[in-house]
Amino acid sequence: MRQEPAPLTRHLRVRQERGHTVLEFRGEIDLAAAAEISPHLDRETDRPAARIVIDLSRIDFFDCSGLRLLYRARSRVLDRRGHVLLVCAHPLTLRVLRITGLSRLLPPQPTLDAALEQPEATSRP
């Protein structure tokens, strides 16, 4: 039985899974949540060659503040020669990702297992 890690904030849990750091966003990701998440996201994405998965499977709401977090994480990780993957199956969030074009830069996978099976090249520019 896998024990769930303690949350860093009420909107973020961080754990290691198959050599990746999984950043699990939770609840409503809005301006207030983004302010809570941002320092932790910056710490995790500051490592050289980081292998990051952002998991949105437990979110209830996602606005442009969340989009900024995703774009910032992707940019920081790629600048440090790492890779970042995204997990998202929520229809409205997927629609926002498509409309904004972020889904082309950070192709969403439906599950964590599917993301962890992706080759690292999927998140390269």
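Refer to the structure printed above.
Residues numbered from 1 in each chain as written. Predicted model: local features only at pLDDT ≥ 70, side-chain atom pairs only at ≥ 80, totals over all residues. Heavy atoms only, no water.

J.: Quick question: what am I supposed to make of the nonpolar core here?
T.: For soluble globular proteins, the rule of thumb is that nonpolar side chains tend to be buried together. Grouped together as the largest cluster of nonpolar side chains are 27 residues, with contacts concentrated most on Phe-25, Ile-54, Leu-56 and Leu-70. Mapped onto this core, the elements with two or more residues apiece are β1 (12–17), β2 (20–29), α1 (31–44), β3 (51–62), α2 (64–79), β4 (83–87) and α3 (91–100). In this structure, Phe-25 is in contact with His-11, Leu-12, Ile-37, Leu-41, Ile-54, Asp-55, Leu-56, Arg-58, Ile-59, Phe-62 and Leu-69, ignoring residues within four places of it in sequence. In terms of nonpolar packing, the next biggest core, distinct from the first, is built from seven residues, Val-22, Val-87, Leu-112 and Leu-116 among them. (Core = buried A, V, L, I, M, F, W, Y, C linked by side-chain atoms within 4.5 Å. Buried < 20%, exposed > 50% of the residue type's maximum accessible area, 1.4 Å probe, protein only. Helix = DSSP H or I, 4+ residues; strand = E, 2+ residues; numbered from the N terminus. Contact = heavy atoms within 4.5 Å.)

J.: Even after reading the chapter, I still don't get α2, so can you show me in this structure?
T.: In an α-helix, one turn spans 3.6 residues; hence positions three or four apart end up facing the same way. With 16 residues, α2 ought to run about 22 Å at 1.5 Å a step, and its terminal C-alpha atoms sit 22 Å apart, in line with that. Those residues of α2 not exposed but buried are Ser-65, Gly-66, Leu-67, Leu-69, Leu-70, Ala-73, Arg-74, Arg-76, Val-77 and Leu-78. Against the buried residues of α2 lie β2, α1, β3, β4, α3 and α4 (102–105). The N-cap of α2, judged by a side-chain oxygen 2.8 Å from the amide nitrogen of Ser-65 a few residues on, is Asp-63. Among the residues trailing α2, Arg-81 stands out with phi positive, at a value near 60°. (Expected span 1.5 Å × (residues − 1). Polar contact = N/O pair within 3.5 Å; in protein donor to acceptor, adjacent residues only side chain to side chain.)

J.: Sorry, what's going on with the pattern of salt bridges here?
T.: A side chain with one charge can pair with a side chain of the opposite charge if their charged atoms come near. On inspection of all chains with the given rule, the structure shows 11 salt bridges. One salt bridge connects Asp-42 with Arg-72, and the closest N-O pair in it is separated by 2.8 Å. Here Asp-42 is found in helix α1, whereas its partner Arg-72 is found in helix α2, with 30 residues between them in sequence. Among the ionic pairs, Arg-76 bridges to Asp-46, the shortest N-O distance being 3.7 Å. Taken as a pair, Arg-76 in helix α2 and Asp-46 in the loop between α1 and β3 lie far apart in primary sequence, 30 residues in all. Residue Arg-76 is classed as buried on the basis of its relative accessible area, which comes to 15%. (Salt bridge = Lys/Arg side-chain N within 4 Å of Asp/Glu carboxyl O.)

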